Amino acid sequence: MDELLGPFEQMLASVAGRSVDSAAQWKAIEESGYLDALVPEVSGGAGLSLSDVEPLIRATGRFAIAAPVAETMARRALGVDILERPLSAILAVAEIAGLAEKILEMSLSYANDRVQFGKPIGKLQVIQQQLAVMGEQVLMTRMASQIGCAQGLAPSPEVAAVSKQVASATVPQIASIAHAVHGAIGITEEFDLQRYTRRLHALRLAHGSEGYWANFVGKARLQSDRQSSVEFILSLRKS
Amino acid sequence: MNFDHLTLSEIPATDEELRPAIRELITAHIGSMPLHKRARTWMGGDAVFSRAMGKAGFLGLTLPRKYGGAERGPLARFVVVEELLCAGAPVGMHWIADRQSALVILKFGTEAQREKYLPRICRGEMYFCIGMSEPGSGSDLASVRSRAERTENGWRLNGQKVWTSGAHHAHYMIALVRTSGEPADRNQGLSQLLVDLKAPGVTIRPVPDLNGDHDFNEVFFDNVELPHDALLGEEGAGWSQVTAELAYERSGPERIYSSAVLLDAWIQHVARQPQCEARQRLIGSLTAQLVVLRELSVAVTSRLAAGEQPVVEASLVKDLGATFEQSVPTLIADDLASHPEESVEPELWHAIMTVTHIAPAFSLRGGTREILRGIIARGMGLR
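Residues numbered from 1 in each chain as written. Chains lettered and ligands numbered in written order. Predicted model: local features only at pLDDT ≥ 70, side-chain atom pairs only at ≥ 80, totals over all residues. Heavy atoms only, no water.

Bringing the overall build of chain A into the picture now. Secondary structure summary: chain A contains ten helices and two strands in total. Helices and strands in chain A line up, N terminus first, as α-α-α-α-α-β-β-α-α-α-α-α. Over its C-alpha atoms chain A spans a radius of gyration of 19 Å, differing by no more than 12% from the 18 Å that the globule rule assigns to 239 residues. Principal axes of the C-alpha set define a box for chain A whose edges measure 60 × 50 × 25 Å. (Helix = DSSP H or I, 4+ residues; strand = E, 2+ residues; numbered from the N terminus. Rg over C-alpha atoms; globule rule 2.2 N^0.38 Å.)

Before going further, it helps to examine the pairing of strand 3 (residues 154-162) of chain B. Residue and element names in this part refer to chain B. Looking at chain direction, strand 2 (residues 147-150) and strand 3 are connected through four bridges and run antiparallel. Opposite Ala 148, over in strand 3, you have Leu 157 as the bridge partner. The pairing of strand 3 with strand 7 (residues 216-227) spans eight bridges and is classified as antiparallel. Considered in strand 7, the bridge of Arg 156 is made with Glu 225. (Pairing = 2+ DSSP bridges.)

This part is about empty space enclosed by the protein. Here the idea is plain: a probe the size of a water molecule rolls over the atoms and shows the empty space left. All names here are of chain B. Here the structure, examined in full by the defined rule, presents three cavities of 30 Å³ or more. If you add up the space inside the largest cavity, you get close to 50 Å³. Of the pockets and cavities examined, the second largest cavity occupies roughly 40 Å³. Forming the walls of the second largest cavity are Met 53, Phe 58, Leu 59, Leu 61, Arg 77, Val 80, Val 81, Leu 84, His 94 and Asp 98. For the lining of the second largest cavity, the leading source of residues is helix 5 (residues 74-87), giving four residues. Broken down by class, the residue content of the lining of the second largest cavity amounts to seven nonpolar, one polar and two charged. (1 Å grid on protein atoms, 1.4 Å probe; cavity = no way out; pocket = protein on both sides within 12 Å on 5 of 7 lines; lining within 4 Å. Points joined across faces, edges and corners; volume = space filled by probe spheres on them. Nonpolar A, V, L, I, M, F, W, Y, C, P; charged D, E, K, R; others polar.)

Turning to the nonpolar core, a few remarks are in order. Counting residues in hydrophobic clusters, the biggest one holds 134 residues, and the most contacted among them are A:Leu131, A:Met134, B:Met53, B:Leu84 and B:Trp266. Not counting chain neighbours up to four residues away, the residues in contact with B:Leu84 comprise B:Ile22, B:Ile26, B:Phe49, B:Met53, B:Ala89 and B:Val91. With 29 residues, the next largest nonpolar core counts A:Met11, A:Leu12, A:Ala37 and A:Leu87 among its residues. (Core = buried A, V, L, I, M, F, W, Y, C linked by side-chain atoms within 4.5 Å. Buried < 20%, exposed > 50% of the residue type's maximum accessible area, 1.4 Å probe, protein only. Contact = heavy atoms within 4.5 Å.)

A word on the interface of chain B and chain A. Accessible area lost during the coming together of the parts is what is often quoted as the interface size. Across the contact, 49 residues belong to chain B and 46 residues belong to chain A. Of the roughly 4200 Å² buried between chain B and chain A, counting both surfaces, carbon and sulfur atoms make up 67%. Together, B:Phe3, B:Leu382 and B:Arg383 form the three largest contributors to the area buried by chain B at its contact with chain A, with a combined 16%. Residue B:Asp264 pairs with A:Arg221 through a salt bridge whose shortest N-O separation is 3.0 Å. Remark: the boundary between chain B and chain A carries eight residue pairs in polar contact (both at pLDDT 80 or more). Among the elements of the structure, helix 2 (19-30), helix 5, helix 9 (260-271), helix 10 (277-305), helix 11 (311-337) and helix 13 (369-379) of chain B are those that each provide at least two residues to the side of chain B that touches chain A. If one sorts the elements of the side of chain B that touches chain A by residue count, helix 10 of chain B sits on top with 17 residues. Tallied by class, residues from the side of chain B that touches chain A come to 24 nonpolar, ten polar and 15 charged. (Buried area = accessible area lost by both parts, 1.4 Å probe. Salt bridge = Lys/Arg side-chain N within 4 Å of Asp/Glu carboxyl O. Polar contact = N/O pair within 3.5 Å; in protein donor to acceptor, adjacent residues only side chain to side chain.)

What the second largest pocket holds in volume is close to 640 Å³. Lining the second largest pocket are 24 residues, and of these A:Ser228, B:Arg38, B:Cys86, B:Ala87 and B:Gln268 lie nearest its centre. For the lining of the second largest pocket, the elements supplying multiple residues, two or more each, are helix 10 (229-238) of chain A together with helix 2, helix 3 (35-38), helix 5, helix 9 and helix 12 (346-358) of chain B. At five residues, helix 9 of chain B tops the list of elements feeding residues into the lining of the second largest pocket. Class assignment of the residues belonging to the lining of the second largest pocket gives a composition of ten nonpolar, six polar and eight charged.

Structure (structure tokens):
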């Protein structure tokens, strides 16, 4: 996986940033060949599964790439112009997971560096507790992303719903803790945090927010003849 | 801490195959058990059920066959425990022994100790309790003051434990005690002892909880004479052994399913009512969270199965799980009381109030929320 991810990250790093020319960025992404990652080998692609590609989509999140990288990969593999909502939602979740990782990393590093009261604020229990909560939410989005991507390019709508519901629900908490830890510098145009949190808020709402998908899951569960939580969970996995 | 270690994991088909048999056993035994009893999940116990589980081969699933175990992996136990918890089966008698005491004895005990305890644990006949907390030693576990001194015949134990779940049913306690040095030495000089709770000098007193249930006890040791082989593992290595024990204690599916019986009963109630979007959303958001938490719990169990000690990962999942479990009775109660026109079975209300009252325990037992978050913060690299 690392031989796949490493060069991809290098390419993204070379075209990421706030002053990037979007046409040049897209050209570099296109020329890298990665947009054919999900295309079957017989059709000249890399023939990878969505689970294989999940770390790449997360990487686009970590670099706050606004270009539709994952969507283009999926459209090319399926040979369609418009993706179904469940798949679009899952691709957004993988990107949310990458953004969340990056925002956590920035917040941890800021907490270790920023000195107040004569010590790094990361030594204060009240900050540690908040960052622990953020870590937990990041872990939830990561697992939501893996659960969604394991469904491949024709996901069960119920599983997509679970994945996007949970990922979208983590967003307000992750963003608010990150901004609380960073203080006023975090809400400036100049400081990089806003590039990630603004995109995070947008993806929370893209292809259905947590409320939209909660309703979907709830309806599915009420209509299901699976009585217990464990039976419902197991029925999702088989679909 | 690298989240890469916690990835979506598959439960092997051979472990999944255990479900029909455990479901059959559960159905046969819980029959008419009222909802408020089942809603206590792993806090309620029944020795008849524990022995039936032992007979059917569902205890000691990860222990070697020569001690009566099934020599399977932790994921087999996950499958069985998941079914038990979601049904609200009365597992409380054997719970601690099967979850952690047996594993600690297998890992740190002598051959003679393994032969003495493990087969009886696997038969569902011998129960254990955890001897960690003391009146002056809650989250600050290294400050334990109970002390055992070497004697000619073994050990003489004095001190007190508290919040000891199930001590009144248990045959043995694995107690963390000081065997050398002073409380100021912190985690140095601590050892684990297997304490026979029938030994002279042991007094067990109930500490009823706010529901009137008898789960907690205080346990006093007054010059309790214990044999040489009461020492479990290495003298002075108690702290590292107890850390290993806590990884077993914090990682299981009971950290996400404590309110599952209640959740399911409420969903069945809602399914009989007219369609309501607000309710669908609530059911959907709780269900979605549970699905993801469950996969995280499977992922932690897979790390254990791979022979790792996922201390930070288990803390993350336990804190997430406890927060979820605690939200369930609060949200459900509000929902039902928002529909005063509906007829709600008294049993459901009884169960909701029982779980509401005891829910604070979910983020106390096995390590408080605040302690876990400290472990997580350090694990993530805060200096």
